[in-house]
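Architecture and fold: a report
Below, each chain spelled out in residue letters.
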Amino acid sequence: MLAFKLAFKNLIGAGLKTWLNVLVLSLSFVIIIFYNSMMDGWDQQAQTDTIAWEIGQGQLWEKDYDPYDPYTLIDAHAPISPEMKSQVESDALVPVLITQASVYPQGRMQNILLKGIPSDQQLLDLPTSALGTDGDETKAIIGKRMAEATKLKEGDKVLLRWRDKNGTFDAREITIANVFDNNVPSIDNGQVWLPLSTLQDMTGMQDEATLLVTGSNYVPVNNENWTFKGHEFLLADLKTIIQSKKGSAAIMYILLLGIALLAIFDTQVFSIFRRQKEIGTYIALGMTRSQVVKLFTIEGGAHSILAAVVGAIYGIPLFIYLKNVGIPIPAASQNAGVPMASEIIPVYGISLILSTILLVVIAATIVSYLPARKIARMNPTEALKGKIQ
Amino acid sequence: MKYLTILLLAAVLFTSATAFENENSTPLSGKEIIEKVDANMAAENRIIESDMIIHGKRRDRAVSSKTWSIGTDQSFSEYLSPAREAGTKMLKVEGKLWIYTPQTDRTIQISGHMLRQSVMGSDLSYEDMMDDRELLEVYDAKHTGEEVIDGRKCYIIELSAKVEDVAYHTQKMWVDAERFVPLQQEMYAKSGQLLKRTNLSNIKKVDGRWFPMTMIYKDVLKDGKGTEYRITKIAFNQEIPDYIFTKAALKK
């Protein structure tokens, strides 16, 4: 306890030098928590949105379907079995048929994925109710990214060209019934959504689908044409991307933490060099060398405690503010192909805060101990005289 | 007087006979016209040197090549310019297509849906080059009328698919009534929407047959001037060594 009291007294006594170190270290604290909470917030938001808009509680893939190989699409469709059909009726399964096509907005050709989904589905957040039939008009919905890329807006008509199951070209005009805002590029970029029955008629693939999205009331079916893909598989890419982003963000705060630790190390080396008489006095008064090493180590490590306090003073209000307003994300990042909202609400977990404190305290203690080891090799008489050793 | 009567009778008889013949000469059917086109244009083999001009939004690009072909199912093309494409070779044999690129020194087979990709950014797809089935094999031809194109009388032929696996459900062809060379071709979607148009011009007589030396392919749904294909040199029924139509020839 004496060591702690002495350490804090010495630290406060050092004045500006201590506070500069503490300030830099507190910045590390705040930035580590800021980055990690932002990444955790992104992770949580991206998963929630992907589940709500795209994957539900998992998907049943037709055995040939490979989303990374568009050339498989022409063969990746199979009939929906009767037992699956009953689950489609109860909204436990939502069939999606996917085919390649082209649209010609303003005389430009753009290759797209044409997706058919039942207009009365409730499982996904897609505004499919806008796909309801209205005479001979073929209604389509597109996401905001697709609308931006093609310069299409609600009510616009655009020519669509596709091939049926035999490879014969067909073309017709479609009307954009809705442009939906969303955070999931994989249901938006280069995609046009049509009513499932319309797309089945257009392609001659009656009662067929490429994949089925499952709901919470889905009862597993055994069918060799379909393979179930759970959250672990469907969200794996997303998690990998976020992990790699976390890794690259870590470089920045590791640098900042390194600077702060270097300052503490420097302060320690300087203290031991300048305070030899004091060290000699401690030993002369009966302290063992290891007690003096401990005192100096605690003194250095205490920077991190002070930094945590200072960081909390300005960090907590900042974090509360960010939790309320969110962290704005530039539009360019939202089009990068990864689910990302326009504002990320950070998530501050207790484990994040505790692990950050532990990391900084341990790191500060280690860099304080390293120069303090020199004390153990000091000659107390020489130290008392203040002779440089 | 006697001679005059005979002459008049002869004249009347001749006129009636000609009129009778004209009334009874049935116009050519669509099938016959297509057969005549085939007879005019088909050859045992041909060697073509050509320029493909791809009209882009900002600039035009010309790709020149030399092609050796036998019938419609064997062909070998070598791209000669620009420098970026020079040395690229393409081999089509019995429904299979391989491409060799000197940059990678690799030969890849273009198959499945890769066939639907554009050839060197043009309005033509590999599939357009691959469909070597005869028109009458996949379409019913109907002679529907006549029209004048570029001052030449043309037969209008409507082709409707009789099999399911064709890219274009219907086609319309304007065939020069005298030379039996198509001057225009239109490809339609199942819905009747016009998708592509080909205009053939600069018809020349080569080795006794009429042949279009310039063709313009146009995806009519897209803005732009399409892709122009100009034959600079053509020779029919030449000696072509067999090894040309082998994969080994691609790397030579």
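Residues numbered from 1 in each chain as written. Chains lettered and ligands numbered in written order. Predicted model: local features only at pLDDT ≥ 70, side-chain atom pairs only at ≥ 80, totals over all residues.

Description of the overall build of chain A
Along its length, chain A carries 12 helices and 13 strands. At 31 Å, chain A has a C-alpha radius of gyration far larger than the 21 Å of a compact globule built from 389 residues. By its C-alpha atoms, chain A is 100 × 45 × 30 Å across when sized along the principal axes. In chain A, which comprises 389 residues, the share counted as buried stands at 38%. For chain A, restricting intrachain contacts to residue pairs at least 6 apart in sequence, the fraction spanning at least 24 positions comes to 80%. (Helix = DSSP H or I, 4+ residues; strand = E, 2+ residues; numbered from the N terminus. Rg over C-alpha atoms; globule rule 2.2 N^0.38 Å. Buried ≥ 20, exposed ≤ 12 C-beta atoms within 10 Å, placed from the backbone. Contact = placed C-beta atoms within 7 Å.)

Topic: the pairing of strand β6 (residues 157-163) of chain A
Consecutive residues of a regular strand have side chains that alternate between opposite faces of the sheet. Residues and elements named next belong to chain A. Bridging between strand β3 (residues 93-103) and β6 involves 3 bridges; their strand directions are antiparallel. Of the residues in β6, the one forming a bridge with S102 is R161. Summarising the sheet, β6 and strand β7 (residues 169-180) pair through 7 bridges and their orientation is antiparallel. Note that in β7 the partner of L160 across the bridge is R172. Counting the residues between successive antiparallel strands, the hairpin from β6 to β7 contains 5 residues, one of them, G167, with a positive phi of roughly 90°. (Pairing = 2+ DSSP bridges.)

Notes on the pairing of strand β2 (residues 60-70) of chain B
All names here are of chain B. Judged from the 11 bridges that link them, strand β1 (residues 45-55) and β2 form a sheet pairing that is antiparallel. Bridged to D51 within β2 is S64. Counting the residues between successive antiparallel strands, the hairpin from β1 to β2 contains 4 residues. Where β2 hands over to strand β3 (residues 74-81), the hairpin turn is made up of 3 residues, of which G71 adopts a positive phi near 60°.

Some points on the domain arrangement of chain A
Buried accessible area, meaning the area lost when the parts come together, often serves as the stated size of an interface. Residue and element names in this part refer to chain A. Along its sequence, chain A is carved into domain 1 (2-52 + 237-385) and domain 2 (58-229). Summarising the inter-unit geometry, the C-alpha centres of domain 1 and domain 2 are found 51 Å apart. Of the residues lining the interface, 9 residues belong to domain 1; the matching set on domain 2 comes to 7 residues. A per-class count over the side of domain 1 that touches domain 2 returns 5 nonpolar, 3 polar and 1 charged. (Domains from an automatic or database assignment. Nonpolar A, V, L, I, M, F, W, Y, C, P; charged D, E, K, R; others polar.)

Regarding helix α1 (residues 2-13) of chain A
Helix length check: α1(A) (12 residues) gives 16 Å between terminal C-alpha atoms against 16 Å at 1.5 Å per residue, within 8%. Just downstream of α1(A), G15(A) is the residue with a positive phi angle, here 65°. (Expected span 1.5 Å × (residues − 1).)

Side note on the packing of helix α7 (residues 236-274) of chain A against helix α11 (residues 350-372) of chain A
Residues and elements named next belong to chain A. Relative orientation of the contacting elements α7 and α11 amounts to 30°, with a least axis distance of 8 Å. The pairing of α7 with α11 is recorded here as roughly parallel in orientation. Of the two possible hands of crossing, α7 and α11 adopt the one that is right-handed. Contact with α7, carried on its side by L257, L261, I264, F265, Q268, V269 and I272, involves V360, A363, A364, V367, S368, L370, P371 and A372 of α11 and no other residues of that element. (Axes fitted to C-alpha atoms, helices over the stretch in contact; angles between N-to-C directions. Parallel < 35°, antiparallel > 145°, perpendicular 65-115°, else oblique. Left-handed = near helix turned anticlockwise from the far one by under 90°.)

Here we look at the packing of helix α2 (residues 16-55) of chain A against helix α9 (residues 289-325) of chain A
Residues and elements named next belong to chain A. Their axes nearest at 8 Å, the elements α2 and α9 cross at an angle of 60°. In terms of their interaxial angle, α2 and α9 are classed as oblique. Crossing hand, α2 versus α9: right-handed. Packed against α2, whose contacting residues are N21, V22, L23, L25, S26, F29, V30 and I33, the element α9 presents H303, S304, L306, A307, A308, V310, G311 and G315 at the interface.

What to know about the interface of chain A and chain B
The interface is formed by 15 residues belonging to chain A together with 17 residues belonging to chain B. Those elements giving two or more residues to the side of chain A that touches chain B turn out to be β6 and β7 of chain A. The class makeup of the residues in the side of chain A that touches chain B is 7 nonpolar, 4 polar and 4 charged.

Some remarks on the environment of A149(A)
Residue and element names in this part refer to chain A. Tracing the chain through its elements places A149 in helix α4 (residues 144-150). The class of A149 is partly exposed, set by 17 C-beta atoms lying within 10 Å. Separated by 231 residues in sequence, A149 and P380 place their C-alpha atoms 76 Å apart.

Considering the nonpolar core
Core analysis: the largest hydrophobic core is formed by 61 residues, its most contacted members being V96(A), A140(A), I142(A), V192(A), L212(A) and L195(B). Not counting chain neighbours up to four residues away, the residues in contact with I142(A) comprise A147(A), L152(A), I176(A), V179(A) and V192(A). Judged by nonpolar contacts, the second largest core, of 33 residues, contains I33(A), I283(A), L295(A) and A302(A). (Core = buried A, V, L, I, M, F, W, Y, C linked by C-beta atoms within 7 Å.)

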